[in-house]
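Inside the fold
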Amino acid sequence: MIDFSGRWFSFVAMWLGALSVSFADDKPPAAKPNIVFIIADDLGWADVAFHGGNAPTPNLDRLAREGLELTQHYVSPVCSTTRTGLMTGRCWSRFGVTNPQNERALPWDTVTLPRALKSVGYDTCLTGKWHLGSLPEQGPNHFGFD
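A brief structural summary.

1. Some thoughts on the overall build of the protein
Helix and strand counts for the protein stand at 4 helices and 0 strands. Listed by position from the N terminus, the elements making up the protein come as α-α-α-α. Burial analysis of the protein (146 residues in total) assigns 31% to the buried set. When the accessible surface of the protein is totalled, it reaches about 9700 Å², and 55% of it is carbon and sulfur.

Below, the structure written as structure tokens:
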């Protein structure tokens with residue numbers, strides 16, 4: 001059983017609630033909305049066109065315009081700490097993550113974003129870097145990703 005107490009659940013509830021506001025007339029949606037998180041290392045806030053950047057990013061512009069943009073997430077200078085914060089809704093230092101991780105970063109029973117989404121019927125996928133443990137038994141499939 002997943003414990004949904006604390007700030008992390010509030011974070012997920014806020015996201016799911018925000019996604020649901022786009023449905024008109026208070027009718028329940030025919031299906032759950034798709035949720036896609038895109039994390040780009042070394043990308044500045046104003047590097048994308050929808051924030052005034054010079055690089056053309058038409059697909060990202062459309063996603064930002066038609067979807068929901070997370071604008072209040074804290075990031076750090078390295079990938080592992082940022083991923084720890086997003087996956088858990090907690091400050092990365094609570095897990096001792098302060099630099100790129102080759103060792104398992106999270107306790108096995110950590111409530112993660114994909115675990116919470118799976119508990120309400122979502123399929124989950126991670127494409128790209130994990131950087132929260134290098135061994136196969138420390139990978140994303142052991143923390144809620146299909």
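2. Some thoughts on the packing of aromatic side chains
Counting across every chain of the model gives 3 aromatic pairs. The rings of Trp108, Trp130, Phe143 and Phe145 are connected pair by pair, giving a single aromatic cluster. In this structure, Lys32 packs its charged tip against the face of Tyr122, placed 5.7 Å from the ring centre.

3. Considerations on the side chain of Arg115
The residue Arg115 is located in helix H4 (residues 113–119) in this model. Buried Arg115, no salt bridge; nearest opposite-charge side chain is Asp109, N-O distance 6.3 Å. Engagement of the side chain of Arg115 in a polar contact is seen with the backbone oxygen of His142, the distance being 2.6 Å.

4. Comments concerning the layout of surface pockets
If a probe the size of a water molecule is rolled over the atoms, the empty space left behind becomes visible. In this structure, the second largest pocket encloses a volume near 620 Å³. Considering each element in turn, the lining of the second largest pocket owes the most residues, 3 residues, to H4. In terms of residue class, the lining of the second largest pocket is built from 15 nonpolar, 5 polar and 4 charged.

Cut-offs applied
Each residue is numbered by its place in its chain's sequence as written, counting from 1. Predicted model: local features are reported for residues with pLDDT of at least 70 only, side-chain atom pairs are reported and counted for 80 or more only, and whole-chain, interface and lining totals are derived from all residues. Hydrogens and water molecules were not included; the side-chain quantities draw on all heavy atoms of the structure. Segments assigned H or I by DSSP are reported as helices when at least four residues long, segments assigned E as strands when at least two residues long, and all are numbered from the N terminus. When a residue's accessible area, from a 1.4 Å probe over protein chains only, is under 20% of the maximum for its type it is buried; when over 50% it is exposed; and in between it is partly exposed. For accessible areas, the Shrake-Rupley method is used with a probe of radius 1.4 Å. Any residue's cover is judged against the shown protein chains and nothing else. Ring geometry is summarised as follows: Phe, Tyr and Trp rings, the Trp one being its six-membered ring, pair when their centres sit within 6.5 Å, and such pairs are stacked at plane angles under 30 degrees, edge-to-face over 60 and tilted between the two. Counting as a charge over the ring demands two things of the Lys NZ or Arg CZ atom: a distance within 6 Å of the ring centre and an angle within 35 degrees of the ring normal. Think of it this way: Lys and Arg go in the positive column, Asp and Glu in the negative one, and His and the chain ends go nowhere. Any Lys or Arg side-chain nitrogen found within 4 Å of a carboxyl oxygen on Asp or Glu counts as a salt bridge. Whenever a nitrogen or oxygen atom comes within 3.5 Å of another N or O atom, the pair is scored as a polar contact, on the condition that within protein one atom can donate a hydrogen and the other can accept it, and that pairs from neighbouring residues in sequence are kept only if both atoms are in side chains. Detection works on a 1 Å grid of protein atoms alone, calling trapped sets that fit a 1.4 Å probe cavities and calling open sets with protein on both sides within 12 Å along at least five of seven lines pockets, with lining residues defined by an atom within 4 Å of a point. Grid points are joined across faces, edges and corners, and a volume is the space filled by probe spheres set on the points. Three residue categories are used. Nonpolar comprises Ala, Val, Leu, Ile, Met, Phe, Trp, Tyr, Cys and Pro, charged comprises Asp, Glu, Lys and Arg, and polar comprises the others, including Gly.

As far as function goes, none of this settles anything; it's purely spatial.
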